[in-house]
Amino acid sequence: MNGVFITFEGGEGSGKTTIANMIKDTLTDEGYHVVLTREPGGVDIAEKIRDVIVDVKNTNMDKKTEALLYAASRRQHLVEKVIPALEKGFIVICDRYVDSSLVYQGIARGIGIDEVYEMNLFATDNKLPDRTIFFDVKPEVGLKRVHTDSQREVNRLDLEKLDFHQKVYEGYLEICNKYPERIVKVDAHVNVGEVYRQVLERIREIL
Ligand code: TYD
């Protein structure tokens, strides 16, 4: 397998989707074959699993059930889409992967990073990215970008949300320290052009 597997990670409003598209265009112009994807990535079985996760009727879903379903959806997407592209020598950029589960399920939901990591190693046959870019943006900045109507009075739900996103943010910083050889942090508070420049530089290091 001689392709390059890159994942993008970060909280809400981190700009990773915008930058992913820009990077794809640049590398494609340079002659690389680039597959830009995100879980469940248009893979039928993975989509169906995702539907169960996001269904608002499933309010009593257990947190480990949720983690297992994310891992199941991830595996199907990996096997059907990511691995075949890597086998053809393509660059695969995936918007969210194992680290999202470590942070959202492991830390923010409180299952524990190590437990979620083990489960994901099984689900992916230990397939970790060659490089992971963490888009570092403080949750209050990210949420403001998403909810442009920031003048509105902050209510209890917003506060709960901020608290959850704060946990996610701290979780990402924790896994950056835990896997320093794989995950690189990019300052995403700056303008889009500057974030793009930093991300491209970190990707070029491994091409
Ligand atoms: P997504 O629809 O990809 O939105 P975003 O634009 O923020 O990337 O993800 C939806 C939510 O699912 C997001 O809040 C993160 C969460 N998520 C997990 O909790 N665990 C996971 O393993 C993944 C992939 C996503």
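The following paragraphs examine the structure supplied in this document. Residue positions are given per chain, counted from 1 along the sequence in the order it is written. Since the coordinates come from a predicted model, pLDDT governs what is reported: local features require at least 70, and pairs of side-chain atoms require 80 or more to be given and counted, while whole-chain, interface and lining totals use all residues. Hydrogens and water molecules were not included; the side-chain quantities draw on all heavy atoms of the structure.

### Here's the deal with helix α2 (residues 44–54)
We count it as follows: Think of it in three bands: residues with accessible area under 20% of the maximum for their type are buried, residues over 50% are exposed, and the middle band is partly exposed, with areas taken using a 1.4 Å probe on protein chains only. Only DSSP runs of H or I covering at least 4 residues are called helices, and only runs of E covering at least 2 are called strands; the numbering of each starts at the N terminus. It is the directions from the helix axis to the C-beta atoms that the arc portrays. Any two residues whose heavy atoms approach within 4.5 Å at even a single point are treated as in contact.
Residues of α2 that are buried include every one of Ala46, Ile49 and Ile53, and no others. Down the axis of α2, the sector holding all buried residues measures 65°, keeping them to one side. Facing away from the buried side of α2 by over 90 degrees, the exposed positions are Asp44 and Lys48. For α2, the secondary structure elements touched by its buried residues are α3 (63–87).

### Quick word on the packing of aromatic side chains
Defined as follows: For Phe, Tyr and Trp, rings pair up if their centres lie within 6.5 Å, where Trp contributes its six-membered ring, and each pair is then called stacked (planes under 30 degrees apart), edge-to-face (over 60) or tilted (otherwise). To sit over a ring, a charge needs its Lys NZ or Arg CZ within 6 Å of the ring centre and within 35 degrees of the ring normal.
All told, the structure shown has six aromatic pairs when counted by the stated rule. On the numbers, 4.9 Å between centres and 20° between planes, the contact of phenylalanine 134 with tyrosine 172 is stacked. Pair noted here: phenylalanine 134 is in strand β4 (residues 131–136) and tyrosine 172 is in helix α7 (residues 156–178), with a separation of 38 residues, a long-range link. Each member of the pair, phenylalanine 134 together with tyrosine 172, is buried. One residue, arginine 182, lies across the ring of tyrosine 179, its end atom 5.3 Å from the ring centre.

### A short note on the pairing of strand β3 (residues 91–95)
The condition is simple: Pairs of strands are assigned from DSSP output, requiring at least two bridges between the strands.
With five of five residues buried, β3 lies mostly within the body of the structure. The two faces of β3 match: Ile91, Ile93 and Asp95 on one face and Val92 and Cys94 on the other face are all buried. For strand β1 (residues 4–9) and β3, the ladder comprises five bridges, and the chain directions are parallel. Opposite threonine 7, over in β3, you have cysteine 94 as the bridge partner.

### Concerning the sheet that holds β4
Our working rule: Here an axis means a line fitted to C-alpha atoms, over the contact stretch when the element is a helix, while the angle between two N-to-C directions is reported on a 0 to 180 degree scale.
With respect to topology, five strands assemble into an open sheet ordered β2-β3-β1-β4-β5, the strand pairing being parallel. Every interior strand has two partners, whereas the edge strands, β2 (34–38) and β5 (183–187), have only one. Taken pair by pair, the neighbouring strands of this sheet meet at an average axis angle of 20°, ignoring direction. Of the pairings in the sheet, the one linking β1 to β4 comprises four bridges and is parallel in character. Its bridge partner being in β4, isoleucine 6 is matched across the sheet by arginine 131. In the packing of helix α4 (residues 98–108) onto the sheet, contacts are made with β1, β4 and β5, and the angle to β1 comes to roughly 30°.

### Here's the deal with the side chain of asparagine 120
Looking at where asparagine 120 falls in the secondary structure, it is placed in helix α5 (residues 113–124). Judged by its relative accessible area of 1%, asparagine 120 falls in the buried class. Beyond its immediate sequence surroundings of up to four residues, asparagine 120 is in contact with Ala71, Arg74, Val98 and Ser101.

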